[in-house]
Each structure stands twice: as C-alpha cells, then as structure tokens.
Amino acid sequence: LSVLTFVAAARCCEDAATASVLASGGVERLVALLSHDVLDVVTHAALALGHICRRFSDAQSRAGSAGGVAQLLRILESGGRCSLASVYALWQLCVDQVENSQQVLSKGGSAALLRLFGQTAADAELQLHVAGLWVVLARAPGAQDVLGNAGVVEALCETLIARRLAHAHLHISGAIANLLEGHAPNRTRACAKAEIVDSLMNIVQSVDPAASNA
C-alpha cells in the first residue's frame, strides 16, 4: 500500500478493514509515519493512530511500545499544524492505559499541553482535546502531583471562572474533579480561586438541575 492508501485504510470505519491494518503491523507503521517529512502524512497518520486506538485496546499498548507517545510529544514540542492530530492521538492512546499516561507525564508532556491550552488563539477543538487528555492523565498514579505542580489546576479553574472555552467545560470540570479527588494540595490550589465553586455548580446545573439542588 502507498502511504496515503494505508493511512486511509487505517482510518476506515469498517472493522474488517481496520483489523486487517492491525494484523499487518499497522500500528507500528503508523508510529513510524509520525516522523515522515511531509506534514500532511504526519497529520493523517496521527489521526489514524488515534482512530485505531479508540476502537482497539490492543493497539494502545502496541503504539506505546513502538514509541508512539514519544513521537507524538515530539510533534507537540515542535508546534505547528500537526498539534491537533497529535493531542487527539495521545488522548486515545492514554484512555485506560496507565503505562502510556505515565510516559506522557515522565517525558515532560505536562508543559507542552499547558502551553497549548493557554494559547488564546489556539484552535477550540485543540483545547477540547487537551482538556480531555487531562481527564485521562489525572487518573494515573502520581499524576495529581505532576499536573498540580505544573499549574494545570490553576489553568483549568481560571478558564472556568472566566467562562472561556464553553464547549470544553464538561471536560475541564472532569479534569478538575480527577485532579482534586483525595489530593489536599490540589484542593488548596483550587480553593484559592474564590469563584471556582460557583463556576462548577453552574456547570452541574446546566447538565442536571436536580443534582445541583441536592
């Protein structure tokens, strides 16, 4: 298969087609394509990798073992138009995958993600994916410390208080909840933002009015 034909097959919605890509070493080939010289190939390879990992849990561990996390973080560090696809792929690699999540954290992914999240001119979908990735990462052992020390709690709280990124508020709230659960230092960081409780309650009420009155 040519590069683009292979990537198109990997992104196919048909389980049989995707399974054939997996069986032919597709995950490892997609990871290799993340270092391709053509940015369009890198973007589509990252999207395809995320797509496969979202549907096949075996692909997640294979992608991590093949160096997928490191490659995607390298793309994020370099910035540019491949960032959205890279964050999406990282998100899908890390769902229910502790080893991949810890790779993101140990390789310094927190700083790159925080920088992307804080860019006011960033793509709204990109910031949504960053928030979604933080929901997942916050569940990994030790992640509350790493993300809290990196300033993620404050960034998330300030975004809610300022009512920015309304499309991502559920993901942002989920990330805050996971970062604060059973973690006193992160709770202190959040409580330092006086309006955060009201902001969270407004979101709860918008989703489930009955729950906010309980």
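Residues numbered from 1 in each chain as written. Predicted model: local features only at pLDDT ≥ 70, side-chain atom pairs only at ≥ 80, totals over all residues. Heavy atoms only, no water.

A. Representation of the overall build of the protein chain in the model. Per the secondary structure count, the protein chain includes 16 helices and zero strands. By the burial criterion, 47% of the 214 residues in the protein chain qualify as buried. Considering only contacts within the protein chain whose residues lie at least 6 apart along the sequence, 68% involve residues at least 24 apart. Just so you have it, the protein chain exposes about 9900 Å², and 55% of that area is on carbon and sulfur atoms. (Helix = DSSP H or I, 4+ residues; strand = E, 2+ residues; numbered from the N terminus. Buried < 20%, exposed > 50% of the residue type's maximum accessible area, 1.4 Å probe, protein only. Contact = heavy atoms within 4.5 Å. Areas by Shrake-Rupley, 256 points an atom, 1.4 Å probe, with all protein chains shown as cover.)

B. Region of interest: unusual backbone geometry. Backbone geometry places aspartate 96, a non-glycine residue, at a positive phi of 60 degrees. Within the fold, aspartate 96 resides in the loop between α7 (83-94) and α8 (98-106).

C. Structural view of the pattern of salt bridges. Under the defined criterion, the tally for this structure stands at four salt bridges. Note that arginine 81 and aspartate 40 form a salt bridge whose closest N and O atoms lie 2.9 Å from each other. Taken together, the residues arginine 81 in the loop between α6 (68-78) and α7 and aspartate 40 in helix α4 (residues 39-55) connect sequence positions 41 residues apart. One salt bridge in this structure joins aspartate 58 and arginine 62, with 3.6 Å as the shortest N-O distance. (Salt bridge = Lys/Arg side-chain N within 4 Å of Asp/Glu carboxyl O.)

D. Representation of the packing of α7 against helix α10 (residues 124-137). Two elements in contact, α7 and α10, have axes whose closest approach is 9 Å; the angle formed by their N-to-C orientations is 20 degrees. Judged by the inter-axis angle, α7 sits roughly parallel to α10. Every pair of crossing elements has a handedness; the one defined by α7 and α10 is left-handed. In this structure, α7 contributes Ser83, Leu84, Val87, Tyr88, Leu90, Trp91 and Cys94 to the contact, and α10 contributes Glu125, Leu126, Leu128, His129, Val130, Gly132, Leu133, Val136 and Leu137. (Axes fitted to C-alpha atoms, helices over the stretch in contact; angles between N-to-C directions. Parallel < 35°, antiparallel > 145°, perpendicular 65-115°, else oblique. Left-handed = near helix turned anticlockwise from the far one by under 90°.)

E. Highlighting α7. Compared with an ideal rise of 1.5 Å per residue, which puts twelve residues at 16 Å, α7 spans 16 Å between its outermost C-alpha atoms and is within 8% of the ideal. Taking burial as the measure, the twelve residues of α7 include eleven buried ones, the bulk of the element. Restricting attention to buried positions, one finds in α7 the residues Ser83, Ala85, Ser86, Val87, Tyr88, Ala89, Leu90, Trp91, Gln92, Leu93 and Cys94. Looking one or two residues beyond α7, the residue adopting positive phi is aspartate 96, at roughly 60 degrees. (Expected span 1.5 Å × (residues − 1).)

F. Layout of the side chain of threonine 159. Assignment of secondary structure puts threonine 159 in helix α12 (residues 152-161). Polar side-chain contacts of threonine 159 include one of 2.8 Å to the backbone oxygen of alanine 155. If sequence neighbours within four positions are ignored, threonine 159 has contacts with Phe117, Arg164, Leu165, His169 and Ile172. (Polar contact = N/O pair within 3.5 Å; in protein donor to acceptor, adjacent residues only side chain to side chain.)

G. Main features of α8. Taken together, the buried positions of α8 are Asn100, Ser101, Gln103, Val104 and Leu105. Along its buried surface, α8 packs onto α5 (57-65), α6, α7, α9 (109-118), α10 and α11 (143-150). Downstream of α8 by a residue or two, glycine 108 has a phi angle that is positive, lying close to 85 degrees.

H. Here's a closer look at the environment of alanine 175. Along the chain, alanine 175 turns up in helix α13 (residues 169-180). Between the alpha carbons of alanine 175 and valine 153 there is a distance of 8.6 Å; along the sequence they are 22 residues apart.

I. Quick look at the side chain of glutamine 92. You can see glutamine 92 is positioned in helix α7. What makes glutamine 92 buried here is its relative accessible area of 8%. The residues touching glutamine 92, leaving out its near neighbours within four places in the chain, are Gly50, Cys53, Arg54 and Gln60.

J. Spatial organisation of the environment of histidine 169. When you line up the elements, histidine 169 lands in helix α13. The exposure class of histidine 169 is buried, given its relative accessible area of 15%.

K. Region of interest: the packing of α11 against α12. Running from N to C, α11 and α12 cross one another at 65 degrees; their axes reach a closest spacing of 5 Å. Compared by their axis directions, α11 and α12 come out roughly perpendicular. Across the interface between the two elements, Leu147, Gly148 and Ala150 from α11 touch Val152, Val153 and Glu154 from α12.

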